[in-house]
Amino acid sequence: RFIAKPCAINLGIQDSGPHRAQPNAILEKVFTSITKSPDGRRLEGLSKQLDWDVRKIQRWFRQRRNQDKPTTLTKFCESMWRFTFYLSIFFYGIRFLWTVPWFWDTRQCWYNYPFQPLTSRLYYYYILELAFYWSLMFSQFTDIKRKDFLIMFVHHLATIGLITFSYMNNMVRVGTLVLCLHDASDFLLEAAKLANYAKYQRLCDAFFMLFGVVFIVTRLGIYPFWILNTTLFESWELIGPYPSWWLFNGLLVTLQVLHVIWSYLIVRTAYKALVRGKVSKDDRSDVESSSEEEDVTSNSTKGVLSTSSNGSNRINGHVAGGQWTEE
């Protein structure tokens, strides 16, 4: 309210949403009581009842669905909040871990386990992360429901479960490594979204390219060979398996499965945009096609994330389009 909104206004972002649908009592009743996406048969019936062209009715339903979407200003403020948190917590984590021995030697995570001291800095690091992911868990049900809702729901559950479980079992040393590694790419994604909303496409392209590289390197490279290696093999060697060991590693492996899915989506979108050179829509996009989408040509957009005047996002010859969100 006091920081993000003034920044957005200074960047020229207006608090205006998509075009509002023309008031119509009959269509509004169908929209609210029957269906938000009528099939061809119902469209024909409404066309005869209203003496409207089917294409006009389809456009009305698109506009009606889109008018409930948040404005660019709202999305900018949300992304700026998440960018601020991710960036701050990442640098806090790096600064903290730089001074501890288990950052340089992961076997230190298991020496003298479970009799390892819990320092105040480590405690606050854990509590801040846990509080943030709980907030994401609750806000997911009030925010726009995206196509990856189930995946994100599983991710938040696994993350909260890991943070809580590792804290209860004093596995906080390896837990800090997991948290810091996941924060490494999240702030880059939010920075790309901020640049997109402000229509700085080259900056947006650069941030998203960097995000893709960091995401794949950390989630498919460092995470399995550094984190999973110490939790699966070094811990087995130093303290041996025990009941909670299986649950802990099960949650970590679940996160790795989600990493593979998201990496696949990133690579697939990049392949479509770079190799085929076709305008494509992000698989996670929460914004529908505009009412003028039939008149949009392939050269109407530029950059990785390109936003049209009514808020719909596309890609053209780059990596991705649509509204990218946090993992």
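In this text, all values refer to a predicted model and were calculated from it rather than measured experimentally. (Residues numbered from 1 in each chain as written. Predicted model: local features only at pLDDT ≥ 70, side-chain atom pairs only at ≥ 80, totals over all residues. Heavy atoms only, no water.)

**Thoughts on the confidence of the model for the protein**
Next up, step 1: Averaged over every residue, the pLDDT of the protein is 78; the share at 70 or more is 79%.
Next up, step 2: Counting interchain partners and residues more than four positions distant, the pLDDT-below-50 stretch residues 277–327 has 156 contacts. (pLDDT = per-residue confidence, 0-100. Contact = heavy atoms within 4.5 Å.)

**Considering a nonpolar patch on the surface**
Next up, step 1: A contiguous nonpolar surface patch, about 590 Å² in accessible area, is contributed by Leu118, Tyr123, Tyr124, Ile127, Tyr167 and Met168.
Next up, step 2: The element contributing the most residues to the nonpolar patch is helix 6 (residues 120–142), with three residues. (Patch = residues over 30% accessible without salt bridge, like charges linked within 9 Å, V, L, I, M, F, W, Y side chains within 5 Å. Areas by Shrake-Rupley, 256 points an atom, 1.4 Å probe, with all protein chains shown as cover. Salt bridge = Lys/Arg side-chain N within 4 Å of Asp/Glu carboxyl O. Helix = DSSP H or I, 4+ residues; strand = E, 2+ residues; numbered from the N terminus.)

**Some remarks on the packing of helix 5 (residues 72–97) against helix 8 (residues 172–197)**
Next up, step 1: Direction vectors running N to C along helix 5 and helix 8 enclose 150°, while the axes themselves pass 8 Å from each other. By the angle between their axes, helix 5 is roughly antiparallel relative to helix 8. Like other packed secondary-structure pairs, helix 5 and helix 8 cross with a definite hand, here left-handed.
Next up, step 2: Taken together, the residues of the contact of helix 5 with helix 8 break down into 17 nonpolar, four polar and six charged. (Axes fitted to C-alpha atoms, helices over the stretch in contact; angles between N-to-C directions. Parallel < 35°, antiparallel > 145°, perpendicular 65-115°, else oblique. Left-handed = near helix turned anticlockwise from the far one by under 90°. Nonpolar A, V, L, I, M, F, W, Y, C, P; charged D, E, K, R; others polar.)

**Things to note about the environment of Ser244**
Next up, step 1: Within the secondary structure, Ser244 sits in helix 10 (residues 243–274).
Next up, step 2: Owing to a relative accessible area of 15%, Ser244 belongs among the buried residues under this scheme.
Next up, step 3: In this structure the C-alpha to C-alpha distance between Ser244 and Phe165, which are 79 residues apart in sequence, comes to 8.8 Å.
Next up, step 4: In contact with Ser244, not counting residues within four places along its chain, are Phe165, Asn169 and Met171. (Buried < 20%, exposed > 50% of the residue type's maximum accessible area, 1.4 Å probe, protein only.)

**Examining the side chain of Glu234**
Next up, step 1: As for its placement among the helices and strands, Glu234 is situated in helix 9 (residues 201–238).
Next up, step 2: Of the side chains with opposite charge, Arg107 lies nearest to the buried Glu234, which makes no salt bridge, at 4.7 Å.
Next up, step 3: What Glu234 contacts, discounting residues up to four positions off in sequence, is Thr106, Arg107, Trp110 and Asn229. (Lys, Arg positive; Asp, Glu negative; His and termini not counted.)

**Describing the nonpolar core**
The tendency in soluble globular proteins is for nonpolar side chains to be buried side by side.
Next up, step 1: In this structure, Leu97, Trp102 and Tyr223 are the most contacted members of the largest nonpolar core, which totals 55 residues.
Next up, step 2: Looking at this core, the elements with two or more residues in it are helix 5, helix 6, helix 7 (149–168), helix 8, helix 9 and helix 10.
Next up, step 3: Looking at this core, the element that brings in the most residues is helix 8, giving 12 residues.
Next up, step 4: Leu27, Leu50, Trp52 and Trp60 belong to the second-largest nonpolar core, a separate cluster that totals 10 residues. (Core = buried A, V, L, I, M, F, W, Y, C linked by side-chain atoms within 4.5 Å.)

**Thoughts on helix 3 (residues 40–50)**
Next up, step 1: Of all the residues in helix 3, the buried ones are Leu43, Leu46, Ser47 and Leu50. Across the axial projection of helix 3, the buried residues extend over an arc of 105°, all falling on one side. In this structure, helix 3 carries Arg41, Lys48 and Gln49 as exposed residues pointing more than 90 degrees from its buried face.
Next up, step 2: The elements touched by buried residues of helix 3 are helix 2 (25–33) and helix 4 (54–66).
Next up, step 3: Downstream of helix 3 by one or two residues, Asp51 has phi in the positive range, about 60°. (Arc of directions from axis to C-beta.)

**Considering the pattern of salt bridges**
Note that side chains of opposite charge can pair when their charged atoms are close.
Next up, step 1: This structure, assessed with the given rule, holds four salt bridges.
Next up, step 2: A salt bridge links Arg107 to Glu237, with the shortest nitrogen-to-oxygen separation between them at 3.4 Å. Taken together, the residues Arg107 in the loop between helix 5 and helix 6 and Glu237 in helix 9 connect sequence positions 130 residues apart.
Next up, step 3: Take Glu237: its relative accessible area is 55%, and that puts it in the exposed class.
Next up, step 4: Between Asp186 and Arg219 there is a salt bridge, with the nearest N and O atoms lying 3.5 Å from each other. On the criterion of sequence distance, the pair formed by Asp186 in helix 8 and Arg219 in helix 9 is long-range, its members being 33 residues apart.

**Brief notes about the environment of Ser235**
Next up, step 1: With respect to the helices, strands and loops of the structure, Ser235 is situated in helix 9.
Next up, step 2: Taking the relative accessible area as the measure of exposure, Ser235 reaches 0% and is therefore buried.
Next up, step 3: Residues Ser235 and Cys109, 126 residues apart in the sequence, show an inter-C-alpha distance of 8.3 Å.
Next up, step 4: Dropping the residues within four chain positions of it, Ser235 is found in contact with Trp110, Thr230, Gly240 and Trp245.

**Considerations on the packing of aromatic side chains**
Next up, step 1: Scanning the entire structure with this criterion turns up 27 aromatic pairs.
Next up, step 2: Grouping aromatic residues by their ring pairs yields a cluster made of Trp81, Phe85, Tyr86, Phe132 and Tyr133.
Next up, step 3: It is Lys56 that lies over the ring of Trp52; its NZ or CZ is 4.2 Å from the centre. (Phe/Tyr/Trp six-rings, centres within 6.5 Å; stacked < 30°, edge-to-face > 60°. Lys NZ or Arg CZ within 6 Å of the ring centre and 35° of its normal.)

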